[in-house]
Amino acid sequence: MMKAGGGQETPKTPEKSSTVYAVQCGECFKWRLIPTKVEFEDIRSKFIENPWFCNRKSDMSCEDPADIEYGTGQIWAIDKPNLPKTPVGYERILVLRRDFSKFDAYYITPTGKRVRAPSEVEKFLGANPKYNDVAVSDFSFAVPKIMEDTIPRNVGGKSCSGSSSKKMKTSQVDDD
Ligand SMILES: [Zn+2]
């Protein structure tokens, strides 16, 4: 996902985070914006067996210019394909560390509790039989890979590299 509107916001205010979601067409490799997290998760959850193409958007084709270009002013993070969709009633949160080194993932449960690992999910489900209609496997704490070549130079993030050649098709770009 990427954050849209790049350039206007100072990249230093964590409260003011905006994230946009994009998916790469399997045909023309252009990036297309996906309007909602729910829709993005839906595409991501079955990306391997059901790759995405421009014509899945109404009035869009591979002829149209890309909605967004990789690496233009926003931090890009690339998701693994086929992560489970967030169960209904839960919210999946990704937090980018201040040094841009990585994301941390957690879920907010229907009771408002935060769970940060499969063991905590298991404990929660055990303690709340009411919410037992989901399984631990419905949760994933896998986080998107931050594309280091898109981290602004002036923020002094971690500087190792080697990741930028990864090509996956679902992406999150994060703007802080
Ligand atoms: Zn296309």
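None of these values were measured; they are calculated from a predicted model.

Student: Would you explain the overall build of the protein chain in this entry?
Tutor: The secondary structure content of the protein chain amounts to 2 helices and 8 strands. The linear arrangement of helices and strands in the protein chain, starting from the amino end, is β-β-α-β-β-β-β-α-β-β. Residues counted as buried form 28% of the 176 residues belonging to the protein chain. Across the protein chain, the fraction of contacts at a sequence separation of at least 24, relative to all contacts at a separation of at least 6, is 65%.

Student: Would you explain helix α1 (residues 37-45) in this entry?
Tutor: An α-helical turn contains 3.6 residues, so any two residues separated by three or four positions project in the same direction. Inspection of α1 places Phe40, Ile43 and Arg44 among the buried residues, and these make up the whole buried set. For α1, the buried positions fall inside an angular range of 100° around the axis, keeping them on one side. Turned more than 90 degrees from where α1 packs its buried face, Val38 and Glu39 sit exposed.

Student: For this particular structure, what's the right way to read helix α2 (residues 118-127)?
Tutor: Looking at α2, one finds that the buried residues are Val121, Phe124 and Leu125. Looking down the long axis of α2, one finds its buried residues gathered within 95° of arc, a one-sided arrangement. Turned more than 90 degrees away from the buried face of α2, the exposed residues are Ser119, Gly126 and Ala127. Residues of α2 that are buried sit in contact with β6 (114-115).

What counts, and where the lines are drawn
- Residues numbered from 1 in each chain as written.
- Predicted model: local features only at pLDDT ≥ 70, side-chain atom pairs only at ≥ 80, totals over all residues.
- Helix = DSSP H or I, 4+ residues; strand = E, 2+ residues; numbered from the N terminus.
- Buried ≥ 20, exposed ≤ 12 C-beta atoms within 10 Å, placed from the backbone.
- Contact = placed C-beta atoms within 7 Å.
- Arc of directions from axis to C-beta.

In short, geometric facts, not functional conclusions.
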